[in-house]
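# Examining the three-dimensional arrangement
Residues per chain are reported as follows:
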Amino acid sequence: PFDDFYNRIEEAVNWPSFYAYVHPDPFIRAVGEEIDKYASKFLVEVGSSRSLYLVLKALADAAPKLTAEDQYLLDENLRDFEYGGVARPPRKRARFKALSKKLADLAIDFSSNVREHRDTMSATIEQLDGMDSAYIESLERTADGKYVLTLDYPVFMPYMDYCKDETVRKTLLAKFRNRAKDKNIKLLKKIARLRRERTKLLGRPTYADYVIARRMAKTPETALAFLADVRRRVDAKARREFAELTALKREETGNPKAAFEQWDRNFYSKLLTRRKYDYDPQTVKEYFQPDRVIQALLDISQTIYNLKF
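Residues numbered from 1 in each chain as written. Predicted model: local features only at pLDDT ≥ 70, side-chain atom pairs only at ≥ 80, totals over all residues. Heavy atoms only, no water.

Turning our eyes to something else, we now look at the overall build of the protein. Looking only at helices and strands, the protein has 14 helices and two strands in total. Relative to a compact globule of 309 residues, whose C-alpha radius of gyration would be 19 Å, the protein shows 25 Å and is clearly more extended. Along the first, second and third principal axes, the C-alpha set of the protein runs to 75 × 45 × 45 Å. In the protein, which comprises 309 residues, the share counted as buried stands at 30%. (Helix = DSSP H or I, 4+ residues; strand = E, 2+ residues; numbered from the N terminus. Rg over C-alpha atoms; globule rule 2.2 N^0.38 Å. Buried < 20%, exposed > 50% of the residue type's maximum accessible area, 1.4 Å probe, protein only.)

Here we come to the pairing of strand β1 (residues 120-123). Burial along β1 is one-sided: Met121 and Ala123 are buried, and none of Thr120 and Ser122, which face the opposite way, are. Two strands pair when backbone bridges link them, and β1 and strand β2 (residues 147-150) are joined in this way by four bridges, in the antiparallel orientation. If you follow Thr120 over to β2, its bridge partner there is Thr150. (Pairing = 2+ DSSP bridges.)

Residues Leu128, Met131, Tyr135, Leu139, Leu149, Tyr159 and Leu172 are the most contacted members of the largest nonpolar core, which totals 21 residues. Elements with a contribution of two residues or more to this core: β1, α6 (133-138), β2, α7 (153-162) and α8 (166-177). Element by element, the count of residues in this core is highest for α7, at five residues. Contact partners of Leu128, with chain neighbours within four places excluded, come to Ala123, Ile136, Leu139, Tyr147, Leu149, Tyr159 and Cys163. (Core = buried A, V, L, I, M, F, W, Y, C linked by side-chain atoms within 4.5 Å. Contact = heavy atoms within 4.5 Å.)

Next up on the list: α8. Compared with the 16 Å implied by 1.5 Å per residue over 12 residues, the 16 Å span of α8 between its first and last C-alpha is a close match. Turning to α8, its buried residues number three or more, namely Val168, Arg169, Leu172, Leu173 and Phe176. Buried residues along α8 cover an arc of 130 degrees about the axis, so they all sit on one side. Here the buried face of α8 lies against β1, β2, α7 and α12 (265-277). One side-chain oxygen at the N-terminal end of α8 lies 3.1 Å from the backbone nitrogen of Thr167; it belongs to Asp165. (Expected span 1.5 Å × (residues − 1). Arc of directions from axis to C-beta. Polar contact = N/O pair within 3.5 Å; in protein donor to acceptor, adjacent residues only side chain to side chain.)

In total, this model carries 13 aromatic pairs according to the counting rule given. Ring geometry for Phe242 and Phe260: centres 5.6 Å apart, planes at 90 degrees, overall edge-to-face. Taken together, the residues span a long stretch of sequence, with Phe242 in helix α11 (residues 220-253) and Phe260 in the loop between α11 and α12 at a distance of 18 residues. Given a relative accessible area of 12%, Phe260 falls into the buried group. Within the aromatic cluster, the residues linked to one another by ring pairs are Phe2, Phe5, Tyr6, Phe42, Tyr53 and Phe81. The aromatic ring of Tyr147 is capped on one face by Arg141, whose charged end is 4.1 Å from the ring centroid. (Phe/Tyr/Trp six-rings, centres within 6.5 Å; stacked < 30°, edge-to-face > 60°. Lys NZ or Arg CZ within 6 Å of the ring centre and 35° of its normal.)

Within the chain, Ala63 stands out as a residue other than glycine whose phi angle is a positive 50 degrees. Within the secondary structure layout, Ala63 lies in the loop between α3 (50-61) and α4 (68-83). Overall, Ala63 belongs to the exposed group, its relative accessible area being 59%. Of note, the phi angle at Asn306 is positive, near 55 degrees, even though the residue is not glycine. Its location among the elements puts Asn306 in the segment after α14 (290-305).

A cluster of nonpolar side chains, namely Ile294, Leu298, Ile300, Ile304, Tyr305, Leu307 and Phe309, defines an oily patch on the protein surface of about 750 Å² accessible area. Relative to the assigned elements, Ile300 resides in helix α14. (Patch = residues over 30% accessible without salt bridge, like charges linked within 9 Å, V, L, I, M, F, W, Y side chains within 5 Å. Areas by Shrake-Rupley, 256 points an atom, 1.4 Å probe, with all protein chains shown as cover. Salt bridge = Lys/Arg side-chain N within 4 Å of Asp/Glu carboxyl O.)

Below, the discussion takes up the packing of helix α5 (residues 90-116) against helix α9 (residues 181-201). Each pair of packed helices can be described by the angle between their axes along with the distance between the axes. Following both chains from N to C, one finds α5 and α9 inclined at 155 degrees, their axes separated by 10 Å at the closest point. Considered as vectors, α5 and α9 are oriented roughly antiparallel to each other. As α5 runs across α9, the sense of the crossing is left-handed. Contacts between α5 and α9 involve Lys92, Arg95, Phe96, Leu99, Ser100, Lys102, Leu103, Leu106, Asp109, Phe110, Asn113 and Val114 from the first element and Lys183, Asn184, Leu187, Leu188, Lys190, Ile191, Leu194, Arg195, Glu197, Arg198 and Leu201 from the second. For the contact of α5 with α9, a count of residues per class yields 11 nonpolar, three polar and nine charged. (Axes fitted to C-alpha atoms, helices over the stretch in contact; angles between N-to-C directions. Parallel < 35°, antiparallel > 145°, perpendicular 65-115°, else oblique. Left-handed = near helix turned anticlockwise from the far one by under 90°. Nonpolar A, V, L, I, M, F, W, Y, C, P; charged D, E, K, R; others polar.)

Of note, Asp105 is situated in helix α5. Judged by its relative accessible area of 16%, Asp105 is buried. Engagement of the side chain of Asp105 in a polar contact is seen with the side chain of Lys41, the distance being 2.7 Å. What Asp105 contacts, discounting residues up to four positions off in sequence, is Lys37 and Lys41.

And the structure:
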């Protein structure tokens, strides 16, 4: 019943809150965001409920014969409650709950700031060298006839992948990575401070300990050791690939001292793939007509999930 309760909450909330991310109407997006905040606070209340925790704890202490799935679910729910501060003294529990609600709001505000951020730059037709006609025709125009490059994915990503103008790629990437910077740096500082306080309330040394204890690694040390091992294994290959991409850029630009930069990665990786493997997604997509692709995806989903669309 407890799991079913969460499922019903998800069904009720997910659709309207999803509008906050995708709906073209700003009013509907704002409503979806408010629903998301309301639901987040409600779920903090549920996850901080001492009475619900004690009911599940009593069930676990009674050692019922459960299926492996139900036992896992019970253990996970108890762990979630404990990480929600229910085992702490009343004063600390109340503070933990207040911090959790505030952090939920801040996380939504952070995402909203990125989503709603609007920044553009204009480009001449020469600065669109490498882009196909469909892309160019889809761009808005300025009063003086230049083309408007936005930070929306359908505009930003293809430009970074295929456009030859390094200066524009550099500027566009900087704008993309700094979306809502002025607002969100303040939020990040506040989030970090509240996370530290909440972590101390649970007696954990760091926020990393608090998060990773619930995951497979269990400790930050294990996670760091894993990352170090991965880096050791891929380092030599990464260096070879970096050298190959740098050589390609020097060949293309005619500059023997050209350095390979972050804004070059997509462009030269795509170029290398075309040169080395004779593969170009722009060409391949011509063979995947939208109506046939959509029908094929629906057919596959119907088979896998035993559904009929």
